[in-house]
Every structure is written in C-alpha cells, then in structure tokens.
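Chain and residue survey
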Amino acid sequence: MDKISLKDAFSEFKKQKNIDKNTMTGVLVDVFKTQLAKVYGTADNCDVIVNVDKGDCEIYRTLEVVETVEDPATQIAASDEKIAGEDYEIGDEYVETISLADFGRRGILNIKQNLSGKIMDIDRANTYNKYIDMVGEIFVGTVYQTWAKEVLLLDGESNELRLPRSEQIPGEHFKKGDNVKAIIKSVEMKNNSAPSIILSRTCDAFLEKLFESEVPEIYDGLITIKKVVRIPGERAKVAVESYDDRIDPIGACIGVKGSRISGIVRELRNENIDVIPWTTNTQLLIQRAMNPARVNSISISPEGDKVIVYMDKDEVKKGIGRGGCNVRLTGMLVGKEIEVWREGESWDVLLDDFIGDIDEWVIEKLHSIGCDTAKAVLALSQEDVAERADLDIETVADVFNILSAEFEDEENEAQPEQAA
C-alpha cells in the first residue's frame, strides 16, 4: 500500500463488489482514522484526504504548541526537535504529515484487515437492501450446487440464494447449471454472515406472479387475482375478477387454445390449474370451485365454518378429486371445512372412530391421501386407495368391509359407487 495503491485497490473492489467511489472514499477515511486513534489516542485532530481516482492519500495531524505537554495526542512542546528552529509560538498550531511507515508493519496489516471487513459489511448490506425490496418477486438463477435438503443458486453477482426442499414442487430435481425460476420468499440478516435469501416454488404467490407475467390484463390491473390456493404439483385454483365487462377473465387467463396457461402448467410440473370467476356469494363460489362435479345443494352450518355439499352418487368422485384435492382446495378457497355427501346421506363417521377395528398406521395412511371419514374412503375405488396410500389390496379390502358394515342399515344408498 505505498501511496496506498488506492486506485488499484478501488478498481478491484469496484469490480468485485460494485462499490461506488464516494462510499469507498468514506470507508478509507474511516479505516485510517480508526488506526490513527489506536496509534495516537485520538483522530479528532487528524485530517485524511483520499483521492481514489489518483490513487493517493494524505494524512495530516494538527497539534497545539505548548510549553509543557500534558496531552501528547493533541499537543507538542515548543522545544520539540520537530519544530526546533522554526518560528512557532505558544498557542500556535503545528501540522505534521503522517506516512504509512509511521503506522508500522502491524498497523498497515490492521488497516488492510479493517478495510476488507468494512467492504464485506457494505457488500452484505447492499445485498440485503437489494433483495429485501424484491421479496415477492420472481427470480431466475443458475443452480450452482445441489444437496439433499436444498439447492444453491447464484445470481449475476455471485450472491447465494437457497431453495429448500420444502419449497420445491414434489418430484422435481435439479442439476448444476439448470436455470430455475422461483419467488423470493424471505431475506434475513443473521449475525455477521451473508444475508439468507430463501426462494420458493410452492407458495401461492409464485403462481400468482406467473399469471401476472403471462397475462397482460393482470399486469395492467384489468383483471385481479382475488385468491390462489395450491397443493403443489397436484392442483391449484385461481379465482379471478375483471373490472372491464368487455374482458372475459377466464378466457384471458387461459389464452387462445390454452396458450397462456400452458406455459404456467409446464413451469409447475404439469400442476392442474382451475381458473374460476370470483364471487362474494359463498355457495356460488363453492359450486364453481367444485367443477367439473355438479352440485345439487349446499348446506352451511349455523356457525358458518362447515359446509356439506350434496351430489349425485356419480358426481361424488369428481367432487372429491384425486386424493381429495378438489374438495380440499375448495375448502381452502372459501376458508371453510367442506364435506361431500351423496344425495340422501345424513351422517358419516370419522376414521379415527374405527381405531381398534383398523390399525392406527393404516388410518394414518388414509389421512395422508385426504380421507378423514368413512364415506370419503368408500367414495374411491379399492385400487385407487391401495395405490395412493401405498397399501396392499388385501388390507384395503378389509378396510372397505369394516367401513361398509357401518352403513348397512342405510341400504344401498349409503354405499358409494366405486370407480372402475
């Protein structure tokens, strides 16, 4: 760091960390004043002049000329050899020039380390400020490394962003060099480490942003997404509303021959997406959300938190959906618990009530595919339950016999028709 080689040092930092000249100048002044305070006791009477463009630095220290020195940090004796023979009087100010050699080898090393530390702090702060303003926005990055629990991505400035396994769509795998699109979910500054930037491909906001990027009417505000609910990798429901009667919100979101929504579906690993028109009428919204199943009637509990949807027996399977996802998403959309009953059904039994007749681990398997009641299980085929719940067909047959016996008094109407 002779003449401190500031020009070369700044060029290197600017290239690597994108730090502007004024910030760099302020950092250098602060670093030198910190070292001056260590060496001389104070830096209040020191002036540091940095010229980054020219690559030099001048340091001046002002001392008061006194008869007897009481504070060496701010005073100098009139008899001191530094000013001997010069025309200084008591009370005058003596300005001395400080060179790097005056700091000593250890002092210069401290300056370099302090400078690097401050540059790193600024870099972390810049990264944090950049990405905290981007929370909720789409990010496209390159996979740098993959692990069992997360994927590490880099941006154009080599900042690290992480996509945890829990935020990845089930079944998807990435390899080094892949381009990945995700939403910036959170940014946190932890201790003195680099900001923790977390990405997500499973949150509802990611799907909403994908629609915004593919549908100009949404971006322009002519169509509003009122609510999005997802079971990542399986199915999603998007409720939309148009503020212009001339615009069909469903057609605009889907596009000609599915041109707009097809790209979103591919990005989400063929996740089925239902686009439905929004309404504040809860019963009408449920009817629309249960599509393609036809709803006969809807009953809402007095408390308003539970809904029973009645359907013909050949509509029940469609209403429940694969693994119960259709009815679950409808419940999430309206914020209520929904049960699907065949027309004429008056009661159901929770699966947990069968503990003792059916092993608990089997009931847990059935819960995992969205079946909480006996009729929810019986609405599916035995083969479907065996495949989805990872159970052998003999076990499933036993379960069906036990559950069916509960409804024998309900005649055949209580027995859901099993899909072929």
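Residues numbered from 1 in each chain as written. Predicted model: local features only at pLDDT ≥ 70, side-chain atom pairs only at ≥ 80, totals over all residues. Heavy atoms only, no water.

1. Considering the overall build of the chain
Along the backbone of the chain there are 14 helices and 15 strands. Against the 2.2 N^0.38 benchmark of 22 Å for 420 residues, the chain shows a C-alpha radius of gyration of 35 Å, more extended than a compact globule. In terms of principal-axis extent, the alpha carbons of the chain reach across some 120 × 60 × 45 Å. Across the chain, contacts joining residues at least 24 apart in sequence account for 58% of those joining residues at least 6 apart. (Helix = DSSP H or I, 4+ residues; strand = E, 2+ residues; numbered from the N terminus. Rg over C-alpha atoms; globule rule 2.2 N^0.38 Å. Contact = heavy atoms within 4.5 Å.)

2. A word on the sheet that holds strand β14 (residues 306-311)
Strand order in this open sheet of three strands is β13-β14-β15, and the pairing throughout is mixed. Unpaired on one side and paired on the other, β13 (297-300) and β15 (337-342) mark the two borders of the sheet. Averaged over all adjacent pairs, the angle separating strand axes in this sheet is 20 degrees, with direction ignored. Where β14 lies against β15, six bridges are found, and the strand directions are parallel. Bridge pairing in β15 links Lys306 to Glu337. (Pairing = 2+ DSSP bridges. Axes fitted to C-alpha atoms, helices over the stretch in contact; angles between N-to-C directions.)

3. Here we look at the confidence of the model for the chain
In this model, the chain carries a mean pLDDT of 87, and residues with pLDDT of at least 70 account for 91%. The low-confidence segment residues 411-420, where pLDDT is below 50, has 23 contacts with residues more than four positions distant or belonging to other chains. (pLDDT = per-residue confidence, 0-100.)

4. A short note on unusual backbone geometry
A cis amide bond, omega 15 degrees, links Asn291 with the succeeding residue Pro292. Of note, the phi angle at Ser158 is positive, near 65 degrees, even though the residue is not glycine. Among the secondary structure elements, Ser158 is positioned in the loop between β6 (150-154) and β7 (160-164). Non-glycine residue Asp390 carries a positive phi angle of around 60 degrees. You can see Asp390 is positioned in the loop between α13 (382-389) and α14 (393-405). The class for Asp390 is exposed, based on a relative accessible area of 60%. (Buried < 20%, exposed > 50% of the residue type's maximum accessible area, 1.4 Å probe, protein only.)

5. Examining the packing of helix α4 (residues 204-214) against helix α7 (residues 259-267)
α7 packs onto α4 with a crossing angle of 145 degrees between their chain directions and a minimal axis gap of 10 Å. Between α4 and α7 lies a crossing of right-handed hand. Residue-level inspection shows Phe206, Leu207, Leu210, Phe211 and Glu214 of α4 in contact with α7, the latter providing Arg260, Ile261, Ile264 and Glu267. Its residues assigned to classes, the contact of α4 with α7 shows six nonpolar, no polar and three charged. (Left-handed = near helix turned anticlockwise from the far one by under 90°. Nonpolar A, V, L, I, M, F, W, Y, C, P; charged D, E, K, R; others polar.)

6. Details of the side chain of Thr330
The residue Thr330 is located in helix α10 (residues 325-334) in this model. The exposure class of Thr330 is buried, given its relative accessible area of 0%. With near-sequence residues (within four places) excluded, Thr330 lies in contact with Lys237, Ile286, Ala289, Met290 and Ile338.

7. Structural notes on the pattern of salt bridges
Between side chains of opposite charge, a pair can form as their charged atoms come close. What the rule picks out here adds up to 25 salt bridges. Between Lys209 and Glu212 there is a salt bridge, with its nearest N and O atoms 3.5 Å apart. Pair noted here: Lys209 and Glu212 are both in helix α4, with a separation of three residues, about one helical turn. On the basis of relative accessibility, which here comes to 18%, the residue Lys209 falls in the buried class. Accessibility expressed as a relative area gives 26% for Glu212, which makes it partly exposed. (Salt bridge = Lys/Arg side-chain N within 4 Å of Asp/Glu carboxyl O.)

8. What about the sheet that holds strand β11 (residues 235-242)?
With mixed pairing, three strands are arranged side by side in an open sheet as β10-β11-β12. Strand pairing shows two members of the sheet lacking a second neighbour, β10 (223-231) and β12 (272-277), which therefore form its edges. Each adjacent strand pair in this sheet contributes to an overall mean axis angle of 20 degrees, direction not counted. Where β11 and β12 come together, six bridges link them in parallel fashion. Residue pairing for β12: Lys237 is matched across the bridge by Asp274. Against the sheet, helix α8 (residues 282-289) makes contact with β11 and β12, and its axis sits at roughly 145 degrees relative to β12, the strand it touches most.

9. Notes on the pairing of strand β9 (residues 196-200)
Burial of β9 is extensive: five of the five residues sit out of reach of the surface. Neither face of β9 is left uncovered, since the one carrying Ser196, Ile198 and Ser200 and the one carrying Ile197 and Leu199 both have all their residues buried.

10. So, the packing of aromatic side chains
Per the counting criterion, the structure on display carries four aromatic pairs. Centroid distance Phe32 to Phe103: 6.4 Å. Interplanar angle 40 degrees. Geometry classified as tilted. Placement of Phe32 in helix α2 (residues 21-40) and of Phe103 in the loop between β4 (93-98) and α3 (104-132) is noted, with a sequence separation of 71 residues between them. One exposure class covers both Phe32 and Phe103, and it is buried. On the basis of an interplanar angle of 70 degrees and a centroid distance of 6.4 Å, the ring pair of Tyr131 and Phe139 is categorised as edge-to-face. Like Tyr131, the residue Phe139 is buried in the burial classification. For Lys176, the ring lying beneath its charged end belongs to Tyr144, and the centroid distance is 5.1 Å. (Phe/Tyr/Trp six-rings, centres within 6.5 Å; stacked < 30°, edge-to-face > 60°. Lys NZ or Arg CZ within 6 Å of the ring centre and 35° of its normal.)

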